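What follows is each chain in one-letter form.
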Amino acid sequence: MNVIQRDLYLNQLIDRKHNSLIKIVSGIRRCGKSYLLFKLFKQHLLDNGVMEDHILEKALDDYG
């Protein structure tokens, strides 16, 4: 499977993660928003010492 790294967007999230503001990731359907957050940004957090049980994940299209 080919993986698109999305380094520009990932670095923008990383650079702004401690500015106390809510981040909004927007885009058309199936452009990689969830992948950016649930895979790439989560891996960044884990690689930088955040414990997995301190990371909350909630897909807003999950109505259950």
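None of these values were measured; they are calculated from a predicted model. (Residues numbered from 1 in each chain as written. Predicted model: local features only at pLDDT ≥ 70, side-chain atom pairs only at ≥ 80, totals over all residues. Heavy atoms only, no water.)

Visitor: Explain helix α2 (residues 33–47) to me, using residue names and the numbers behind them.
Guide: The end-to-end C-alpha separation of α2 is 20 Å, in line with the 21 Å expected for 15 residues at 1.5 Å each. Along α2, the largest kink reaches about 25° and is centred on Phe 41. Every buried residue of α2 is accounted for by Leu 36, Leu 40, Phe 41, Lys 42, His 44 and Leu 45. Turning to α2, the residues buried within the fold contact α1 (7–15). Positioned one or two residues after α2, Gly 49 has a phi angle of 90°, which is positive. (Helix = DSSP H or I, 4+ residues; strand = E, 2+ residues; numbered from the N terminus. Expected span 1.5 Å × (residues − 1). Bend = angle between axes of the 7 residues up to and from the residue. Buried < 20%, exposed > 50% of the residue type's maximum accessible area, 1.4 Å probe, protein only. Contact = heavy atoms within 4.5 Å.)

Visitor: Could you give an account of the layout of surface pockets, naming the residues involved and the relevant values?
Guide: Roughly 740 Å³ of volume is contained in the largest pocket. For the largest pocket, the lining is made up of 21 residues, of which Val 25, Leu 37, Phe 38, Leu 56 and Lys 58 are closest to its centre. Of all the elements, α2 adds the most residues to the lining of the largest pocket, at 7 residues. Counted as a void, the second largest pocket has a volume near 250 Å³. For the second largest pocket, the lining is made up of 13 residues, of which Tyr 9, Gln 12, Val 25, Ser 26 and Leu 36 are closest to its centre. Sorting the residues of the lining of the second largest pocket by element identifies α1 and α2 as the ones contributing at least two each. In terms of residue count, α1 provides more of the lining of the second largest pocket than any other element does, 3 residues in total. When the residues that make up the lining of the second largest pocket are grouped by side-chain class, the tally is 6 nonpolar, 3 polar and 4 charged. (1 Å grid on protein atoms, 1.4 Å probe; cavity = no way out; pocket = protein on both sides within 12 Å on 5 of 7 lines; lining within 4 Å. Points joined across faces, edges and corners; volume = space filled by probe spheres on them. Nonpolar A, V, L, I, M, F, W, Y, C, P; charged D, E, K, R; others polar.)

Visitor: So what's going on with the nonpolar core? Residues and values would help.
Guide: Membership of the largest hydrophobic core is limited to 7 residues, which are Leu 10, Leu 13, Leu 36, Leu 40, Phe 41, Leu 45 and Ile 55. Those elements that place two or more of their residues in this core are α1 and α2. A total of 4 residues in this core trace back to one element, the largest contributor, which is α2. Each residue touching Leu 45, except ones within four places of it in the same chain, is listed here: Lys 17, Val 50 and Ile 55. (Core = buried A, V, L, I, M, F, W, Y, C linked by side-chain atoms within 4.5 Å.)

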